[in-house]
Amino acid sequence: MVLASIFDLTSACRKTNGAIPPKLVGASTTVIGSHMYLFGGRQVAERKMASDLYCFDLETLVWTKLPNHPDDDLPCPRYFHSSDSWGNLLIIFGGMSNQPDSPNPDELCVLNDVRLYDIEAGRWLPSTPDGSGEAPRARYAHLSSVTADRLFIIGGQDFFNTWLDDVCVYDLLARTWVQRRDYPRHCGTYRSVAVSSNLTVRHPTPQNHPRFSSPASDDSENTAPESLVFHPYSAPPTEDHPADIYLYSNYNFTDVKRELEVFSPLPDTDFTITDRSGSMAGTTFPPGLRFPTGAILGNHLIIAGTYLAHSYQSFSIWVLDLQTMHWSRIDPGKAVESGSWFRGCLAPYSNRFYIFGNRDGNLVDDYNRRLLSWEHVAVVDLEAFGIYQPPPARVDISMQELGLTALEEGILADFEVVCEDGRKVPCSRKLLEERWPWFRDQRRMLLESALHAMESMPTSPMHVDLPSTYKGADPRLTPRALHLSEPYPITLALVQYFYAQALITPLQQAPAVLSQLLVLATTYNIEHLEELVRHAMHRALSNSTSVGVYEVATLCNCRSLQIRALKTVMSYTQKRSGNSKPKDGRGPPPPPSNSDPNTNGGSESYSRPRGTSDAKWRTMGGGGDSTGTYSSKFVI
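**Q** Describe the pairing of strand S10 (residues 62–65), and please don't skip the residues or the numbers.
**A** For a regular strand, side-chain orientation follows a simple rule: the groups alternate between the two sheet faces. Note: strand S3 (residues 17–18) against S10, 2 bridges, orientation parallel. Of the residues in S10, the one forming a bridge with Gly 18 is Trp 63. Sheet topology places strand S9 (residues 53–57) next to S10; 3 bridges connect them, and they run antiparallel. Pairing of Tyr 54 across the sheet is with Lys 65, part of S10. Taking the residues between adjacent antiparallel strands as the criterion, S9 and S10 are bridged by 4 residues, where Leu 61 takes a positive phi near 60°.

**Q** How would you summarise a nonpolar patch on the surface if you had to cite specific residues and measurements?
**A** Taken together, Leu 451, Met 454 and Met 457 make up a surface patch of nonpolar side chains, about 280 Å² in accessible area. Tracing the backbone shows Met 454 in helix H4 (residues 437–456).

**Q** Please give an account of helix H2 (residues 397–408) that cites residues and values.
**A** Across its 12 residues, H2 extends 17 Å between first and last C-alpha, which sits within 8% of the 16 Å expected from 1.5 Å per residue. Here H2 has its buried residues at Ile 397, Gln 400, Glu 401, Gly 403, Leu 404, Thr 405, Ala 406 and Leu 407. Tucked into the core, H2 has its buried residues touching strand S21 (233–235), strand S33 (424–427) and helix H5 (488–500). In the stretch just after H2, Gly 410 is the one whose phi turns positive, near 70°.

**Q** Outline the environment of Ala 540, supporting the account with residue identities and numerical values.
**A** Following the sequence through the fold, Ala 540 ends up in helix H8 (residues 527–540). Since its relative accessible area comes to 42%, Ala 540 is described here as partly exposed.

**Q** Which residues make up the sheet that holds strand S15 (residues 143–147), and what values go with them?
**A** Adjacent strands of a sheet pair through backbone hydrogen bonds, lying either parallel or antiparallel. Spatially, 4 strands are ordered S15-S16-S17-S18 in an open sheet, and the strand pairing comes out antiparallel. With one partner strand each, in any of the chains shown, S15 and strand S18 (176–182) form the two edges of the open sheet. In this sheet, adjacent strand axes meet at a mean angle of 20° when their direction is disregarded. With 5 bridges joining them, S15 and strand S16 (residues 150–154) adopt antiparallel strand pairing. The residue bridging Leu 143 from the neighbouring strand is Ile 154, located in S16.

**Q** Tell me about the side chain of Asn 299, and name the residues and values.
**A** Within the fold, Asn 299 resides in the loop between strand S25 (290–297) and strand S26 (300–308). Beyond its immediate stretch of four places on either side in the chain, Asn 299 contacts Val 201, His 203, Leu 320, Asp 321, Leu 322 and Gln 323.

**Q** Residues and numbers for the sheet that holds strand S14 (residues 123–124), please.
**A** With respect to topology, 4 strands assemble into an open sheet ordered S11-S12-S13-S14, the strand pairing being antiparallel. Two strands in the sheet have a free side with no partner beyond their single neighbour: strand S11 (82–86) and S14. When strand S12 (residues 89–98) meets strand S13 (residues 108–118), the two strands line up antiparallel, connected through 9 bridges. Residue pairing across strands places Ile 92 opposite Arg 115, the latter belonging to S13.

**Q** Go over the packing of aromatic side chains, please, and point to the residues and values.
**A** Taken as a whole and judged by the stated rule, the model has 28 aromatic pairs. Taking 4.7 Å as the distance between ring centres and 45° as the angle between the ring planes, the aromatic pair formed by Phe 56 and Trp 63 counts as tilted. Like Trp 63, Phe 56 is buried. Members of the aromatic cluster, connected to one another through ring pairs, are Phe 415, Trp 436, Trp 438, Phe 439, Tyr 497, Phe 498 and Tyr 524. When the ring centre of Tyr 367 is taken as origin, the NZ or CZ atom of Arg 370, which lies over that ring, is 4.6 Å away. The aromatic ring of Tyr 488 is capped on one face by Arg 423, whose charged end is 3.7 Å from the ring centroid.

**Q** Lay out the packing of helix H7 (residues 511–523) against H8 in plain terms, naming residues and giving numbers.
**A** The N-to-C vectors of H7 and H8 enclose an angle of 155°; their axes lie 9 Å apart at closest approach. In terms of orientation, H7 lies roughly antiparallel with respect to H8. For the crossing formed where H7 meets H8, the hand is left-handed. Contacts between H7 and H8 involve Leu 514, Ser 515, Leu 517, Leu 518, Ala 521 and Thr 522 from the former and Leu 529, Glu 530, Val 533, Arg 534, Ala 536 and Met 537 from the latter. Class assignment of the residues belonging to the contact of H7 with H8 gives a composition of 8 nonpolar, 2 polar and 2 charged.

Each value, and the rule that gives it
Residues numbered from 1 in each chain as written. Predicted model: local features only at pLDDT ≥ 70, side-chain atom pairs only at ≥ 80, totals over all residues. Heavy atoms only, no water. Pairing = 2+ DSSP bridges. Helix = DSSP H or I, 4+ residues; strand = E, 2+ residues; numbered from the N terminus. Patch = residues over 30% accessible without salt bridge, like charges linked within 9 Å, V, L, I, M, F, W, Y side chains within 5 Å. Areas by Shrake-Rupley, 256 points an atom, 1.4 Å probe, with all protein chains shown as cover. Salt bridge = Lys/Arg side-chain N within 4 Å of Asp/Glu carboxyl O. Expected span 1.5 Å × (residues − 1). Buried < 20%, exposed > 50% of the residue type's maximum accessible area, 1.4 Å probe, protein only. Contact = heavy atoms within 4.5 Å. Axes fitted to C-alpha atoms, helices over the stretch in contact; angles between N-to-C directions. Phe/Tyr/Trp six-rings, centres within 6.5 Å; stacked < 30°, edge-to-face > 60°. Lys NZ or Arg CZ within 6 Å of the ring centre and 35° of its normal. Parallel < 35°, antiparallel > 145°, perpendicular 65-115°, else oblique. Left-handed = near helix turned anticlockwise from the far one by under 90°. Nonpolar A, V, L, I, M, F, W, Y, C, P; charged D, E, K, R; others polar.

So this is what it looks like as structure tokens:
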């Protein structure tokens, strides 16, 4: 038997292929869809700036060097610039470059230009000089983020390494600088990161949509409006619900100081800044992370970077829950336990975090040279930690309630779904056809088979043709019922989903019903229903439901949900075993002593998990411990 960390199930290290970029300093990476784009940097081997653009396929793990069009106005080589995405455009700003027309290759300059690359066309757009007078000072090692069709440039340093304490805003629609505001904080890529998302998470409330008929009596089977359940969902930003920019900074690494500020765009060109530093909480906090990268996924702010301490070094990943404002640590297992890892990026569509580096490299040596490697990538499944983008709502909340009301009051019901016990659920055949592809295909095949059978049958003088003015299918061949071998509650919950396009009733939230809905979603390939069920199961996961969730997730090949449920089962089991005592009442023996210089001498042992700060840590004998870090073990 082999004892292995369960966290090795959540991550994997892979070798990349294709036209792998050389080792670079100060290159930028940006994720657009299922691809990551790498631009610029300074080549280590030849000590020269680069303006090459590479594309990395996040599914196949293959690098491609994108060719330059001969007619394009190419951006000049640079490093320590910024890159962002806006739709299908890649946005490059600033950075440090070689002095133009200088015979000395070591003579440098700092830039303040905005360059755009069209991903679909594969072309660099012509540079457009800005004459608004609001253009920012040239800078490098600055922060940047895009929200509300605006590019925010924050901080950085000028040619003389002087901090530039301001925020500059570029209107991407008008292609002009529109605002500059003083910002009395030192912000740069060495210590800070600014991130936003092109999706926001909404937390809906019931709309109490009126019934078509008179109110239901007390003994009615209709769902009471106050009992409806609405889970958070993802939606594009709007003026009422903008996508905020989260700026996280850490400094003074011997005694780490952490700051968090939120930039909220207003409908005009202005924005507000809210200090949330004092709201951050938790039993543990991130250590000082150098050159941090970050992202927003659902309700979580992800921060990752290099942690350098006296005794060891590591690439550390931390997550801040933006609802509770509590920090927790992501353990990537053995994937990044050794080697040189520095650059992380998020793929929101798959809820995965990618870490680039060289598993055979030396982290300290590469950090001292600011060197980025691309030979290997570690992939971390964030959904297995309960961190994911909630599924979008297909219809708004009022339409969800309206659909449920239409089902319960039998509006336009011309079809029946017959359960295994003979009970029937009246519904609309046309609605099932529009929202259930399997049902539509089965009905089409049935009609084709019936028509073929009729054509092969001998004619009868009693046969009556349809009127010539009738355009639809022969109503005599139209089925009136579907026999589904499921109990009535499961069938009703499924039909409720087709009407509401959501899981909002108490029946649909029952653990046993959710499990069977996941099986049906997998069987009939209803992807949206599967996303909603996984979302509901993640939110309802507890010690009492974890075993059932694990079983059905295993059956339906929902690996991320399966792993998270397994961690919950193991955590609960280990806590119970840890609380039990031998019959002599002496309890479990104390943990062995630890020679770590950061431990406290005495009868109790303290150990520090990898990637955490130098505080004293009490070793806990369970899955979810007081450090916010899980350390479960299992036997294969």
